[in-house]
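The chain contents come next:
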Amino acid sequence: MKIDLRKGDCREVLKTIPDNTVDLTFTSPPYCIGKAYDTHSTIEGFREINEPVIREVFNKTKPGGSVCWQVGHFVRKGEIVPLDFVVFDIVKSLVPDAKLRNRIIWEFGHGANCRNRLSGRHETILWFTKGDNYYFDLDSIRVPQKYPGKKYYKGRKKGQYSCNPLGKNPGDVWQMPNVKAGHVEKTGHPCQFPVGLPQRLIRALCPPEGVVLDPFMGAGSAGAAAVLERRSFIGVELESEYFDIAQWRLKQALDGDLKHRDPDIPIFDPRKAGAVAKPPQYSDGGKPGESEGDKI
Ligand SMILES: C[S@@+](CC[C@H](N)C(=O)[O-])C[C@H]1O[C@@H](n2cnc3c(N)ncnc32)[C@H](O)[C@@H]1O
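Residues numbered from 1 in each chain as written. Predicted model: local features only at pLDDT ≥ 70, side-chain atom pairs only at ≥ 80, totals over all residues. Heavy atoms only, no water.

Engineer: How do you make sense of the overall build of the protein when you look at a structure like this?
Structural biologist: On a plain count of helices and strands, the protein comes out with 6 helices and 10 strands. Taken over the C-alpha trace, the protein has a radius of gyration of 21 Å; the compact-globule value for 296 residues is 19 Å, and the two agree within 12%. Across its three principal directions, the C-alpha atoms of the protein cover 65 × 65 × 40 Å. Counting across all 296 residues of the protein, residues that qualify as buried make up 44%. Long-range pairs, those at least 24 residues apart, make up 70% of the contacts in the protein between residues at least 6 apart in sequence. By element, 51% of the accessible surface of the protein is carried by carbon and sulfur atoms, the whole surface being about 16200 Å². Mean positive and mean negative side-chain charge positions of the protein (44 and 37 charges, respectively) differ by 8 Å. (Helix = DSSP H or I, 4+ residues; strand = E, 2+ residues; numbered from the N terminus. Rg over C-alpha atoms; globule rule 2.2 N^0.38 Å. Buried < 20%, exposed > 50% of the residue type's maximum accessible area, 1.4 Å probe, protein only. Contact = heavy atoms within 4.5 Å. Areas by Shrake-Rupley, 256 points an atom, 1.4 Å probe, with all protein chains shown as cover. Lys, Arg positive; Asp, Glu negative; His and termini not counted. Charge placed at Lys NZ, Arg CZ, Asp CG, Glu CD.)

Engineer: Sorry, what's going on with the pairing of strand β9 (residues 211-214) here?
Structural biologist: Residues in a regular strand project their side chains so that they alternate between the two faces of the sheet. Judged by which residues are buried, β9 turns out to be covered on both faces: Val-211 and Leu-213 on one side and Val-212 and Asp-214 on the other are all buried. Relative to β9, strand β2 (residues 22-27) is paired through 2 bridges, and the arrangement is parallel. Residue pairing for β9: Leu-24 is matched across the bridge by Val-212. Looking at chain direction, β9 and strand β10 (residues 232-237) are connected through 4 bridges and run parallel. Looking across to β10, one finds that Val-212 is bridged to Phe-233. Where the polypeptide runs from β9 across helix α5 (residues 221-228) and back to β10, its parallel neighbour, the crossover connection is right-handed. (Pairing = 2+ DSSP bridges. Right-handed = clockwise from strand over helix to strand, strands pointing away.)

Engineer: Just to check I follow, could you spell out the packing of aromatic side chains for this structure?
Structural biologist: Each pair of aromatic rings is reported with the distance of its centres and the angle of its planes. Tallying each qualifying case throughout the model produces 7 aromatic pairs. Taken together, a centroid distance of 6.4 Å and an interplanar angle of 75° make the contact between Phe-58 and Phe-128 edge-to-face. Of this pair, Phe-58 sits in helix α2 (residues 43-60) while Phe-128 sits in strand β7 (residues 122-130); the two residues are 70 residues apart in sequence, bridging distant segments of the chain. Each member of the pair, Phe-58 as well as Phe-128, is classed as buried. Geometrically, the ring pair formed by Trp-106 and Phe-108 is edge-to-face, given 5.0 Å between the ring centres and 65° between the ring planes. For the pair shown, Trp-106 and Phe-108 are each scored as buried. Aromatic ring contacts, followed pair by pair, group Phe-58, Phe-88 and Phe-128 into a single cluster. It is Lys-151 that lies over the ring of Tyr-161; its NZ or CZ is 4.9 Å from the centre. (Phe/Tyr/Trp six-rings, centres within 6.5 Å; stacked < 30°, edge-to-face > 60°. Lys NZ or Arg CZ within 6 Å of the ring centre and 35° of its normal.)

Engineer: Is there a simple way to think about the site of the ligand in this case?
Structural biologist: Close contacts around the ligand come from 23 residues, with Cys-10, His-189, Ala-219, Ser-221 and Glu-237 the closest. One of the backbone N or O atoms of Ala-219 is found 2.8 Å from an oxygen atom in the ligand. At a separation of 2.7 Å, an oxygen atom of the ligand approaches a polar side-chain atom of Ser-221. Surface burial for the ligand is 97%, taken as the share of its 600 Å² of free accessible area covered by protein chains. (Near = heavy atom within 4 Å. Polar contact = N/O pair within 3.5 Å; in protein donor to acceptor, adjacent residues only side chain to side chain.)

Engineer: For this particular structure, what's the right way to read the state of the cysteines?
Structural biologist: Think of a disulfide as a covalent bridge from one cysteine sulfur atom to another cysteine sulfur atom. Per the stated rule, a full pass over the model turns up 0 disulfides. The thiol of Cys-114 is not disulfide-bonded; the next cysteine sulfur, from Cys-191, is found 16 Å away. With a relative accessible area of 34%, Cys-191 lands in the partly exposed category. (Disulfide = S-S within 2.5 Å.)

Engineer: Could you clarify how one ought to interpret the sheet that holds β10 in this entry?
Structural biologist: Backbone hydrogen bonds are what pair the strands of a sheet, in a parallel or an antiparallel way. The 8 strands lie next to each other as β1-β10-β9-β2-β3-β7-β6-β8, forming an open sheet whose pairing is mixed. Sheet topology places β1 (3-7) and β8 (173-175) at the edges, where each strand pairs with a single neighbour. Averaged over all pairs of adjacent strands, the angle between their axes in this sheet comes to 20°, without regard to strand direction. Note: strand β3 (residues 61-71) against β7, 6 bridges, orientation antiparallel. Each residue of the ladder has a partner; that of Gln-70, found in β7, is Ile-125. Seen against the sheet, helix α3 (residues 83-94) touches β3, β6 (98-107) and β7 and runs at an angle of roughly 15° to β7. The strands touched by helix α6 (residues 240-254) are β1 and β10; relative to β1, the strand with the most contacts, the crossing angle is about 170°. (Axes fitted to C-alpha atoms, helices over the stretch in contact; angles between N-to-C directions.)

Engineer: Any chance you could explain unusual backbone geometry here in plain terms?
Structural biologist: Excluding glycine, most residues fall at negative phi; most peptide bonds, likewise, are trans. Here Asn-20, not a glycine, exhibits a phi torsion of approximately 55°, which is positive. Within the secondary structure layout, Asn-20 lies in the loop between α1 (10-13) and β2. On the basis of relative accessibility, which here comes to 40%, the residue Asn-20 falls in the partly exposed class. If you check the backbone angles, Glu-209 has positive phi at about 75° while not being a glycine.

In structure tokens, the structure reads:
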């Protein structure tokens, strides 16, 4: 297992990586929505940053390898622009042999509360393969069935398993808490994804001994996941502050000291804990949507 962390602009650093050598890229680019590290603030800017990186990442990917782009949405004059629509468009226009295999919904329980639309509680991961003959180890990410050990009770297959005894396909909607204050993985980076997100895809899409790349590494969450899964990792980050955090976290992962949340622990469900939503009380003349929680 080799760990190769580079501080710099990924548009330059990627040029130094040999073509056809990476098994899986898992990354989350800047969304251009006003974060401390954002250099652009428009959809056009998002395209400008992502286009050259996507082109280079596919050049670096082995035939049969995978590229996963994790994004949320952009808000333009009150209108939502799903960034995965933009990414899909870029990939399909630049890379003829890129095939979209899944659009995974990452659902999390918390975030800013909206007044004028439903509060955003999901982001997406677009999983592309380079070509049609691709690596996919489904058995490594199966999850427990509702009725494990279920068998046919009549007919030609009577007595045989009617489900896969190794577990079921996890599906394309994943529930995992986002990394806010109080999350065990939280660092000084403003926008981490949970380690469990890349971890599951690394298991399924990167062969043992394979190479994982994250060109927008941030606090190194994809790298930490690669180390947990014993894969090699190449990470690139522009900002020194985040690069240092990533270096520290990868050392923790290598030493077996990384704090991380097991992705298979279910998300907290207040309804199961007995909580009920109370009807609003407007005796003070307040209007619906003016509750304390409705921040934006
Ligand atoms: C959404 S964050 C990634 C967070 C990361 N997934 C994590 O869990 O910590 C995007 C990162 O890309 C970095 N970045 C922006 N432009 C870059 C560039 N041209 N080259 C390398 N890194 C860049 C930003 O500094 C930021 O840390």
